[in-house]
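So the chains spell out like this:
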Amino acid sequence: MDGLLKLWNDTGIAHFELPDLVMIAVGCVLLYLAIAKKFEPLLLLPIGFGAILANIPNAGFTDEGGMLYYIYHIGIETGVFPLIIFMGVGALTDFGALIANPKTLFLGAAAQFGIFATLFGAILLNFIPGMEFSMTDAAAIAIIGGADGPTAIFLASKLAPELLGAIAVAAYSYMALVPLIQPPIMRALTTPAEREIKMKQLRPVSKKEKIIFPLAVLMMTILFLPAATPLVGMFCLGNLMRESGVVDRLSSTAQNELINIVTIFLGLGVGSKLSAESFLNLETLGILALGAVAFSIGTAAGVIMAKLMNKFSDDPINPLIGAAGVSAVPMAARVANKVGLEANPHNFLLMHAMGPNVAGVLGSAVAAGVLLALVG
Amino acid sequence: MDITESLFQAMTLFGLGMTFVFSFLGLLMIAVKLMAKYIPADAPVANRRRPNKKVVDATPSNSEINPQLIAAITSAVQQYRKAETV
């Protein structure tokens with residue numbers, strides 16, 4: 001009988017509590033979104049599975065000595081995983097469109113408006129009983145508006161590790177929802193005539209320019225914002241490997257095998273932070289709501305900036321490409337192209353939108369650096 | 001820290017942050033424009049291959065293609081390149 005009782009005590013059924021079950025259900029919802037809806041499956045699948053593993057009673061995945069404990073502490077708490085992912089993103093990024101039309105850097109800057117405006121939202125939520133966000137929490141939540149997963153995880157791990165799970169889930173969910181969130185805002189802020197604007201063909205960019213560009217970005221970051229050098233530095237390293245053409249093997253590894261391996265561990269590590277005590281509270285709802293607000297404000301600011309630039313620029317600028325300034329590469333650029341094609345089936349904006357899109361990646365990394373320097 | 005004080009801090013962050021992001025990317029834009037001005041463009045791939053091809057192809061093709069047509073294409077290409085550089 002004692003043996004039977006001992007065996008019963010070792011089963012999961014004997015130890016399940018309601019919060020564990022709810023969190024396992026949350027993990028299953030993430031798996032559903034990844035598999036059935038194809039919402040950022042590369043991240044949401046391991047995050048969802050990690051959430052299930054982390055909430056199994058008696059399994060000890062997240063206790064000291066457990067696998068998820070080590071994955072989190074080695075890769076995410078230290079900031080190593082998001083930085084390696086950022087190197088891979090750098091190796092995947094072609095800055096040609098941005099170098100050919102450098103004005104689009106301003107669109108990438110304007111879209112960061114969402115990040116800084118959300119700071120107010122996070123602070124104002126303190127008026128609601130049950131929500132308590134400090135300035136560091138607010139900064140970590142606001143970075144969701146940058147629509148850049150690795151940057152959001154990096155900043156959250158430094159400023160508000162207890163909110164990391166909710167912030168990462170919100171960031172990746174909204175990035176997957178870009179095709180639903182952005183078009184209504186883009187249509188509301190532009191006239192049909194503006195959406196039809198054709199842009200001048202981009203000039204060819206020389207190989208030398210592409211090689212010097214990441215070095216110039218790095219140099220400027222070293223001089224003006226050393227706090228952003230972890231993110232920008234790794235990004236530039238990946239990009240230099242790609243453009244130099246002399247380390248194709250390294251570039252290929254950074255773009256494929258390395259980024260894939262790290263993505264698995266990053267997802268599991270983020271999932272391990274989806275524990276009942278840190279996720280099942282009112283603050284998570286606040287984070288999800290603020291993420292959507294940040295994203296929408298960023299999109300609107302990008303479009304409005306592009307409209308302004310179109311008024312004062314010699315070459316026409318289609319305001320739709322401003323929405324791509326929120327990063328979310330290349331989804332946001334594809335959305336700009338799609339909305340443009342609805343207005344004029346012969347107007348392909350994809351390459352033009354890639355400029356602000358990659359500028360947005362730099363912009364959100366710089367914004368993260370500013371937040372780290374001022375709040376961290 | 002009370003909420004009013006936090007809001008004031010958020011306002012400072014907002015102002016400083018947006019100013020910094022715009023200045024940083026604005027400076028980068030100037031750097032990219034300078035790069036475009038001073039770094040020579042890549043030599044077109046077609047030009048580099050031409051000498052080898054000419055040796056083999058020149059004689060038969062010249063006799064077949066109308067010289068006026070070649071002149072028209074050449075001037076069109078030159079005009080296009082001029083327009084691109086301006």
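Predicted, not measured: the structure shown is a model, and the values here were computed from it.

Basis of the calculations
Residues numbered from 1 in each chain as written. Chains lettered and ligands numbered in written order. Predicted model: local features only at pLDDT ≥ 70, side-chain atom pairs only at ≥ 80, totals over all residues. Heavy atoms only, no water. Helix = DSSP H or I, 4+ residues; strand = E, 2+ residues; numbered from the N terminus. Buried < 20%, exposed > 50% of the residue type's maximum accessible area, 1.4 Å probe, protein only. Areas by Shrake-Rupley, 256 points an atom, 1.4 Å probe, with all protein chains shown as cover. Axes fitted to C-alpha atoms, helices over the stretch in contact; angles between N-to-C directions. Left-handed = near helix turned anticlockwise from the far one by under 90°. Contact = heavy atoms within 4.5 Å. Nonpolar A, V, L, I, M, F, W, Y, C, P; charged D, E, K, R; others polar. UniProt positions renumbered as here; feature names shortened; annotations may be inferred. Salt bridge = Lys/Arg side-chain N within 4 Å of Asp/Glu carboxyl O. Buried area = accessible area lost by both parts, 1.4 Å probe. Polar contact = N/O pair within 3.5 Å; in protein donor to acceptor, adjacent residues only side chain to side chain. Phe/Tyr/Trp six-rings, centres within 6.5 Å; stacked < 30°, edge-to-face > 60°. pLDDT = per-residue confidence, 0-100. Patch = residues over 30% accessible without salt bridge, like charges linked within 9 Å, V, L, I, M, F, W, Y side chains within 5 Å. Parallel < 35°, antiparallel > 145°, perpendicular 65-115°, else oblique.

Considerations on the overall build of chain B
The helix and strand tally for chain B stands at 3 helices and 0 strands. Order of helices (α) and strands (β) in chain B, N terminus to C terminus: α-α-α. Looking at the 86 residues of chain B, the share that counts as buried comes to 19%. Counting every atom, chain B has about 6600 Å² of accessible surface; 65% of that belongs to carbon and sulfur.

Describing the packing of helix H15 (residues 207–224) of chain A against helix H1 (residues 3–38) of chain B
Orientation of H15 of chain A relative to H1 of chain B, taken along the N-to-C sense of each, is 145°, at an axis distance of 10 Å. The two elements H15 of chain A and H1 of chain B cross, and the hand of that crossing is right-handed. Of H1 of chain B, the residues touching H15 of chain A (which contributes Glu209, Ile212, Phe213, Val217, Met220, Thr221 and Phe224 of chain A) are Phe20, Phe24, Leu27, Leu28, Val32, Met35 and Ala36 of chain B. Of the residues contributing to the contact of H15 of chain A with H1 of chain B, the split by class is 12 nonpolar, 1 polar and 1 charged.

Thoughts on the UniProt feature "transmembrane region" (unreviewed entry) in chain B
According to UniProt, the feature "transmembrane region" (unreviewed entry) maps to residues 6–30 of chain B in the numbering used here. The span residues 6–30 of chain B shows a helical share of 100% and a strand share of 0%, and its end C-alpha atoms are spaced 36 Å apart.

Side note on the pattern of salt bridges
Evaluated as defined, the whole model comprises 5 salt bridges over all chains. Here Arg203 of chain A makes a salt bridge to Glu209 of chain A, at a shortest N to O gap of 2.8 Å.

Details of the interface of chain B and chain A
The extent of an interface is frequently quoted as the accessible surface area lost upon association of the parts. Facing 29 residues of chain B, the contacting portion of chain A comprises 43 residues. Where chain B abuts chain A, roughly 3300 Å² becomes buried across the two surfaces, and 88% of that area is made up of carbon and sulfur atoms. It is Leu13, Phe24 and Leu25 of chain B that lose the most area in chain B upon contact with chain A, and together they represent 18% of the buried surface on that side. The interface formed by chain B and chain A includes 0 salt bridges. Between chain B and chain A we count 0 residue pairs in polar contact (both at pLDDT 80 or more) in total. Ranked by residues supplied to the side of chain B that touches chain A, first place goes to H1 of chain B with 24 residues.

Some words on the packing of aromatic side chains
Tallied over the entire structure, the rule returns 10 aromatic pairs over all chains. Their ring planes at 25° and their centres at 6.3 Å tell us that Phe81 of chain A and Phe265 of chain A sit as a pair that is stacked. Here Phe265 of chain A lies in helix H18 (residues 257–272) and Phe81 of chain A lies in helix H6 (residues 80–92), a separation of 184 residues in the sequence. With relative accessibility at 34%, the residue Phe265 of chain A sits in the partly exposed group. Taken together, a centroid distance of 5.8 Å and an interplanar angle of 55° make the contact between Phe120 of chain A and Phe14 of chain B tilted. Residue Phe120 of chain A is found in helix H9 (residues 113–124), and its partner Phe14 of chain B is found in helix H1; the two belong to separate chains. Pairwise contacts between aromatic rings join Phe86, Phe95, Phe213 and Phe235 of chain A into one cluster.

Quick look at the environment of Pro82 of chain A
All names here are of chain A. Structurally, Pro82 can be placed in helix H6. Through-space distance from the C-alpha of Pro82 to that of Phe154 is 5.8 Å; in sequence the pair is 72 residues apart. Discounting residues that sit within four places of it in the chain, Pro82 has contacts with Gly75, Pro150, Ile153, Phe154 and Leu266.

So, the confidence of the model for chain A
Across chain A, the average pLDDT comes to 93, with 100% of residues at or above 70. In the model of chain A, helix H2 (residues 12–15) of chain A stands out as the element of lowest mean pLDDT, 82, in contrast to helix H17 (residues 248–255) of chain A, which has the highest, 97.

Here's the deal with a nonpolar patch on the surface
A grouping of Met219, Ile222, Leu223 and Phe224 of chain A together with Leu27, Ile30, Leu34 and Tyr38 of chain B is seen on the molecular surface, where their side chains present a nonpolar patch of about 830 Å² in accessible area. Contributing elements (two or more residues each) for the nonpolar patch: H15 of chain A together with H1 of chain B. The class for Ile222 of chain A is partly exposed, based on a relative accessible area of 43%.

Examining the side chain of Glu209 of chain A
With respect to the helices, strands and loops of the structure, Glu209 of chain A is situated in helix H15. Using a relative accessible area of 2% as the deciding quantity, one classes Glu209 of chain A as buried. For Glu209 of chain A, the residues in contact, after removing those within four places along its chain, are Ile99 and Arg203 of chain A together with Met35, Ala36 and Ile39 of chain B.

Let's talk about the packing of helix H21 (residues 331–343) of chain A against helix H22 (residues 350–375) of chain A
Between two packed helices, what matters for the description is the angle formed by their axes and the separation of those axes. Residues and elements named next belong to chain A. At a closest axis distance of 8 Å, the pairing of H21 and H22 adopts a crossing angle of 140°. Relative to H22, the element H21 is oriented oblique. The handedness of the crossing between H21 and H22 is right-handed. Contacts between H21 and H22 involve Ala332, Ala333, Arg334, Ala336 and Asn337 from the first element and Leu350, Ala353, Met354 and Asn357 from the second. Looking at side-chain class alone, the contact of H21 with H22 contains 6 nonpolar, 2 polar and 1 charged residues.

A short note on the confidence of the model for chain B
All names here are of chain B. Considering every residue of chain B, the mean pLDDT works out to 80; 72% of them sit at 70 or more. Mean pLDDT across the elements of chain B ranges from a minimum in helix H2 (residues 45–64), with 54, to a maximum in H1, with 94. Across the interfaces of the predicted complex, the ipTM metric reaches 0.91, alongside a pTM of 0.86.

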